[in-house]
Structure formats: C-alpha cells, structure tokens
Amino acid sequence: MVSERLPALAAGAVLLLAFSPAARAASAGGTDSACDRAVAAADRAEHDYEALKKGIERQMADGGHPGAAELQALQDAGAQRVSTASQARRVCGT
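Predicted model, so just to flag it, every value in this text is computed and none were measured.

## Details of the state of the cysteines
Applying the stated criterion to the full structure yields 1 disulfide. Between the sulfur atoms of Cys35 and its disulfide mate Cys92 the distance is 1.9 Å. Around the S-S axis, the bridge from Cys35 to Cys92 shows a dihedral of about 105° and counts as right-handed. One end of the pair, Cys35, is in helix H2 (residues 34–61); the other, Cys92, is in helix H3 (residues 68–92), with 57 residues separating them in the sequence. A relative accessible area of 18% means that Cys92 is categorised as buried.

As structure tokens, then:
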C-alpha cells in the first residue's frame, strides 16, 4: 500500500527540494518575511515526513510490519508536506 504512494510522494519531495533554495535566495534580505516562514514550515514538514519514512523502513528492514496507525501517520505527513510546499510556492510567488 505504501509502495504505490512512494513515487508520488518522492516527486513531491523533489519539487520541494528544488523549490527551497530558490525561495531562500529570493528572500535573502535577512527579514522574517511570510515567504521565510512558509519555507520554514515546508522544511519542517519535509523533515517530519522523512523521519517517519525512515522509521518505517528501519522497522521493515528489521523484519517488522508497520501498523495501520504508522502507515496513516506517514500518509498524513506526506499530505502535510505537499500542502506546505504548495503554500510556500504561493506565498513566495514562484
């Protein structure tokens, strides 16, 4: 179930990673703008998603099976990641 979603989530991660340096360069004025806050939220969401994903992958590598709650948490984190990246693109105008 997760394996079907991973390519789409990975594509979102690539977009976020490609977007983040441009947003930071565009807002390099040193002020805490709405764009800076949006990019920081997107970065946090990306970090949270990656941490959950690594935990599940480690569990599976150790022979375990993630439960429904863990898979749901990963799906929710992926949706949050995509949402915050989209919001950052809108706020930063890219």
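## Some thoughts on the environment of Ala79
Relative to the helices and strands, Ala79 resides in helix H3. Measuring from C-alpha to C-alpha, the distance between Ala79 and Ala45 comes to 9.3 Å, with 34 residues separating the pair along the chain.

## Notes on the nonpolar core
Core analysis: the largest hydrophobic core is formed by 6 residues, namely Cys35, Ala38, Val39, Ala42, Ala88 and Cys92. Contributing elements (two or more residues each) for this core: H2 and H3. Once residues within four sequence positions are removed from consideration, Ala38 is found in contact with Thr84, Ala88 and Val91. Among the nonpolar cores identified, the runner-up in size contains 5 residues, and Tyr49, Ile56, Leu71 and Leu74 belong to it.

## Concerning the pattern of salt bridges
Under the definition given, this model contains 1 salt bridge. Glu46 is paired through a salt bridge with Arg81; the nearest N and O atoms lie 3.7 Å apart. On the criterion of sequence distance, the pair formed by Glu46 in helix H2 and Arg81 in helix H3 is long-range, its members being 35 residues apart. Like Arg81, Glu46 is buried.

Conventions used here
Residues numbered from 1 in each chain as written. Predicted model: local features only at pLDDT ≥ 70, side-chain atom pairs only at ≥ 80, totals over all residues. Heavy atoms only, no water. Disulfide = S-S within 2.5 Å. Helix = DSSP H or I, 4+ residues; strand = E, 2+ residues; numbered from the N terminus. Buried < 20%, exposed > 50% of the residue type's maximum accessible area, 1.4 Å probe, protein only. Core = buried A, V, L, I, M, F, W, Y, C linked by side-chain atoms within 4.5 Å. Contact = heavy atoms within 4.5 Å. Salt bridge = Lys/Arg side-chain N within 4 Å of Asp/Glu carboxyl O.

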